[in-house]
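Listed here are the chains, written in short residue letters.
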Amino acid sequence: MPNLSLPPDAAAFYASHSPFSDLGELAPLYAALPADPRRLARIARDLTVHRLEGDLFEYAIPRDRLHNDAETRYIDDILRIVIAQRRPAVPAPRARRALRRHLP
């Protein structure tokens, strides 16, 4: 079986953040997140509503948010939008009943 360990300098490189993954000033917002990738994916998914999904969740997306917000790709940028809107924390995952009525 081949040795799968990396030299210390390579391991340090891969263990450090890039400009795209550095938490920066938003790091405190990530402190309580779970380590489980499935739960993280669900949290990230529940943070947004796609601009074409508003009806599925009985939510009218404000017109002024349909373009710029819709072009946001990175979670940090999405969090900055949420913070700028000064909205309270998301209280619970979105109800699935609205979505279920659209499924076969």
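Residues numbered from 1 in each chain as written. Predicted model: local features only at pLDDT ≥ 70, side-chain atom pairs only at ≥ 80, totals over all residues. Heavy atoms only, no water.

Caption draft 1: Summary view of a nonpolar patch on the surface. The grouping of Leu6, Phe13 and Tyr14 at the surface amounts to a nonpolar patch, some 390 Å² of accessible area in total. Structurally, Leu6 is set in the segment before α1 (8-15). (Patch = residues over 30% accessible without salt bridge, like charges linked within 9 Å, V, L, I, M, F, W, Y side chains within 5 Å. Areas by Shrake-Rupley, 256 points an atom, 1.4 Å probe, with all protein chains shown as cover. Salt bridge = Lys/Arg side-chain N within 4 Å of Asp/Glu carboxyl O. Helix = DSSP H or I, 4+ residues; strand = E, 2+ residues; numbered from the N terminus.)

Caption draft 2: Here's a closer look at the pattern of salt bridges. Scanning all chains against the criterion turns up three salt bridges. In this structure, Glu25 engages Arg80 in a salt bridge whose closest nitrogen and oxygen atoms are separated by 2.9 Å. You can see Glu25 sitting in the loop between α1 and α2 (27-30) and its partner Arg80 sitting in helix α4 (residues 75-84), a full 55 residues away along the chain. Judged by its relative accessible area of 34%, Arg80 falls in the partly exposed class. A network of salt bridges, in which partner residues are shared, links Glu25, Asp77 and Arg80. (Buried < 20%, exposed > 50% of the residue type's maximum accessible area, 1.4 Å probe, protein only.)

Caption draft 3: Molecular detail of the packing of aromatic side chains. Under the criterion given, the structure shown has one aromatic pair. When the ring of Phe13 is compared with that of Tyr14, the centres are 5.0 Å apart and the planes differ by 80°; the resulting orientation is edge-to-face. By the burial criterion, Phe13 is exposed, and Tyr14 matches it. (Phe/Tyr/Trp six-rings, centres within 6.5 Å; stacked < 30°, edge-to-face > 60°.)

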